[in-house]
Every structure is written in structure tokens, then in C-alpha cells.
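Residue-level structural notes
Now for the letters of each chain:
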Amino acid sequence: MSFTPHGKHLVAGEWVASENTFMSEPAHGEAHAFSVGTVALVNKAAEAAEEAFWSFGYSTREERAAFLDTIADEIEARGEAITAIGTSETGLPVARLEGERGRTTGQLRLFASHIRKGEYVDRRHDEALPNRKPLPRPDIRLMQRPIGPVAVFGASNFPLAFSTAGGDTASALAAGCPVVVKGHSAHPGTGEIIAEAVHAAIAKHKLHPGVFSLIQGGRRDVGTALVTHPLIKAVGFTGSLAGGRALFDLCAQRPEPIPFFGELGSVNPMFLLPEAVKARGEAIAKGWAGSLTMGAGQFCTNPGIAVILAEQADSFAETARAALSEVGPQVMLTDGIAKAYRDGRDRVAAGSGVREVLTSTCNLRNATPYLFRVTAKDWLENHALSEEVFGPLGLIVTVENADEMLAVAKSFVGQLTATLHLDEADTALGRKLMPILERKAGRVLANGYPTGVEVCDAMVHGGPYPASTNFGATSVGTLAIRRFLRPVSYQNLPEGILPDELK
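This write-up is about the structure you can find in this document. (Residues numbered from 1 in each chain as written. Predicted model: local features only at pLDDT ≥ 70, side-chain atom pairs only at ≥ 80, totals over all residues. Heavy atoms only, no water.)

Some thoughts on the overall build of the protein chain
- What the protein chain contains, in helices and strands, is 14 helices and 21 strands.
- For the protein chain, whose C-alpha radius of gyration is 24 Å, the value lies close to the compact-globule estimate of 23 Å for 503 residues.
- Counting only C-alpha atoms, the protein chain reaches 75 × 70 × 40 Å along its principal axes.
- A buried classification covers 57% of the 503 residues belonging to the protein chain.
- At a minimum sequence separation of 6, the contacts of the protein chain that also span at least 24 residues come to 77%.
- Of the charged side chains in the protein chain, 48 are positive and 55 negative; the average position of the first set lies 4 Å away from that of the second. (Helix = DSSP H or I, 4+ residues; strand = E, 2+ residues; numbered from the N terminus. Rg over C-alpha atoms; globule rule 2.2 N^0.38 Å. Buried < 20%, exposed > 50% of the residue type's maximum accessible area, 1.4 Å probe, protein only. Contact = heavy atoms within 4.5 Å. Lys, Arg positive; Asp, Glu negative; His and termini not counted. Charge placed at Lys NZ, Arg CZ, Asp CG, Glu CD.)

Structure, rendered in C-alpha cells:
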């Protein structure tokens, strides 16, 4: 299937153009013109989503599950065309795009299976006790209900799995919430072809066209209009801390504040315990280099920090340096992301006490690896060193003893992940670190690397602020559906008007 973008928005079931356009900036291949989003389009999409909610929000679990399965089918039917436009726009390799497409369809089917089981509605029933003294108890039932239209912001680094029909959209639709997507301007053609797949699924199931809309591009006024629209009841976002915090504040300042589920990234520290380093320090260093440079380091779970005893650091640093030096330039997602990477590199390099282990030259849209090291003392005195650098840059923090390692662990703000590399003889130190890491991260892992987030029931992709804006939520895994549901109690309602799930 060949695909040439038409550059229009999908709003309430219609492909519509707007007066102004912008050009895509592909890593390679032909650029295309796309319509710029407007506040008027946001209003039309939100109103259509609200109208759709009165049917879609009260559809059966099987109807929504079949819809999600069909979206997955329609995406797969466009597989080659999606890969072609996606690789052109982002510079990501074919294997990465094909894998991400599989993850995207897998998420949709996972949520279809999840809602078919019905456990997510969390049905509860306290039967009436009419003879209870001193007062009788009424009949009370509870279940989770969808909250209404949801806004989703496409992510720059995952054009499929975290964008148009990614995890936020899949979980919201599974819950029964119509979705309005603000597409990311880094990959508008990819967003358009995925929207075509969703549009086809809506038509096949004869759903209200307001169930899904895609608004391309647009400046800050479009994002502001979307999160402040009175008909939007929650927002899903994956992106930068600055952008996410601005949108979070807008959600909180609304006359009716709404939840903002922002996944804002982190540095994902690794703690290398001494016995593990003695046994396999070389393998850990090589594995770290591979994780750091995967996808040009453009993963929110990229493990940017390694904490290690100073007496073990030289050998580890040299092995990591040698492995990283073999990695050539990689194309980054956008020119802006590449510039931000260089700015982050300069910020780290300028830190007091920071030493270069591997330096290189990167320019234009390319990224090359960098490696630095710093003592725990200098680290603890410079908070800027703990801020994310989005790209293949690693920082080794050396500690003199276990107490200093614990102090470094406590210094971190909220993280998506924290990793322990340990052997059985490291258990005592691992136990001391665990209470700290549990408080700092949404996912704690051992003897691995956090890049690669499994989509499953037990996954948490979130964490304390600033990793995410809601520590009780996840953007990956079936628990993500809970973001777009709220509990409702039904007291003494006759069965004839109870929701079918509670009868």
C-alpha cells in the first residue's frame, strides 16, 4: 500500500484543511505540507467527542474490544506504508519502526482482552441489611465508569506506541472515552496514516465519528485550547518537563481542574554494587553502553547515570568508553532535539569536578556518545547534573563507600526507573537501597537495563514527580485504563435502571 499524505486534520469524521500550512522536516525523503491546527478545530473536535460519549461511553465491553481489535487490523494492513513514512520523518531504522508498530497493535489487542475480562470495572456490592441496629444499611454497589472526552498529545520519540493510536489513546478508548489527539509536528505523516486506520475502524463499527479526532501541528494556542476546553476531562502527555509542566499548570488552573497524566522522563540511575562489579563489571559496562545508545538514547528510560565505588570505577569507565567509541553518529528525531542534546552535553561538561571520559563531535541532526565522570561530593553539590540529557550521554558518579552511595540515591528526584546490579553477596547493601529506590522510582529492576518497557498487567511506567505528574498512574500496561475511569456508587437503585455490569 503506497501512501502520500494529504495533510488534513481528521475532525468529527471529516478530513478538513485549514488556511495555514507547515512543512514536515523529514530525516530523509520528501517533505510534505500539513494543515496547521486551530482553536476552532479544537472546539469542533471536543464538541463531537462529547456528543460521541453519550453512545460510546455506554457501549458494551465487547463492542469496544472489537473496535480496538479492528484498529490493530487496520494498522497492520498499512504496515509497509507506515514504516516508509515513519522512517522518512524520524530517521529511525526500519527494524525499530516495525517493532514499535507491533507494540502498538499489541497494546490495542491487550486492552481489548483486558476489558473483555471485565475485572477492571472493579465491581463491589454491599448487600442491604434492613434489620441492622441501630440503623439499617442500604444496598450499595460500585463500579468504574469512563470520565468523558480525553486529550492526547503525540510524543516525539515514539511516533506509534505513544502517539496517535498509542497507549494513551488505546487505554482511553478501552475505558469508553472519546479521544482528541494533538499530533506531533515531528511525524505528521505517520500520525495521518494511523488516523486513517482509526477512521476506517470507526466506519466498520458504525460508531459516532466524534469518537476520535486528530488535529495536526498548531502552535501553543492549540495545545492551550485543548487542555482548557471545558468538555475535555483528562489529558495524556509524553514529553519534556518544561512542556508538560506548562500544560499541567493549565489543567490545574481551569475553572474545573482536570487530571494531567504527564510522563516527563528521567535519568534512570543504575547502582553498581561491588560484588557484581567484581564478577562481571566488564559485561555490565558493555551492556550499559548498548542501552545508552539504543535509538540514539532517545528513550525516556535511558539509564544516564551509573553509581559505582571509586576503587572500581577506572576499569568500568574504560570498558564503557571503548564500547561507546565504536558507536557512530545516529540521526536524532528532530533538529530541535539534536540541539537540546548538545546543550545538555555542554551543561554537564561545564559542571564543577566533571571529567571527560569520552568526547566526540556531533552536529546538525546527528548524535554521538559522550561519557563523563564526577565524584559523589561534586554531584551532591550540583543538582543540574541530575537533570535529563535526552540522548546517548552517560555520567559515572563515583562513591567512596556504601554510605555515600545511599546519600547519592537519596539525592535523586522522582524517576521512571532505578536499577540495581548486584550478586548474592551484595544483598545487605541492596536491602538498604531498596526503601530509597521504591520511593524514588515507579519501576525497580535488577541486573538488567530499563530501556524496553514490557506492555503487561504488572508494568508501571510512571513515578514520583518529575518523572510523571501523577505518581499513582502508569502510561504503559493495563493499569493505564484506570486513569480514564472514576468510581460511582449506586445506592438502592432498582435493577431495571442499574448498569448492566451490576445486575
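Regarding the sheet that holds strand β6 (residues 140-146)
- The 3 strands lie next to each other as β5-β6-β21, forming an open sheet whose pairing is antiparallel. Both outer strands of the open sheet, β5 (124-126) and β21 (485-491), are each paired with one neighbouring strand and no more. This sheet shows a mean twist of 25° between the axes of neighbouring strands, independent of strand direction.
- Judged from the 3 bridges that link them, β5 and β6 form a sheet pairing that is antiparallel. Within β6, the position partnered with D126 by the bridge is I140. (Pairing = 2+ DSSP bridges. Axes fitted to C-alpha atoms, helices over the stretch in contact; angles between N-to-C directions.)

Focus on the nonpolar core
- Judged by nonpolar contacts, the single largest core of 95 residues is most densely connected at F67, F212, F271, W379, V397, L433 and F484.
- With 7 residues, the top contributor of residues to this core is helix α6 (residues 188-204).
- Residue contacts for F271: discarding those within four places in its chain leaves V307, M405, A409, F412, T419, L420, H421, L433 and L437.
- Counting 25 residues, the second largest nonpolar core, distinct from the first, contains A12, I258, F260 and L264. (Core = buried A, V, L, I, M, F, W, Y, C linked by side-chain atoms within 4.5 Å.)

Some words on the packing of aromatic side chains
- Under the defined criterion, the tally for this structure stands at 16 aromatic pairs.
- Note on F53 and W54: the rings are 6.3 Å apart at their centroids and 65° apart in plane angle, and the pair reads as edge-to-face.
- Assessed through its relative accessible area of 8%, F53 is described here as buried.
- With 5.7 Å between their ring centres and 20° between their planes, W288 and F316 make a pair best called stacked. Taken as a pair, W288 in helix α9 (residues 274-293) and F316 in helix α10 (residues 310-325) lie far apart in primary sequence, 28 residues in all. (Phe/Tyr/Trp six-rings, centres within 6.5 Å; stacked < 30°, edge-to-face > 60°.)

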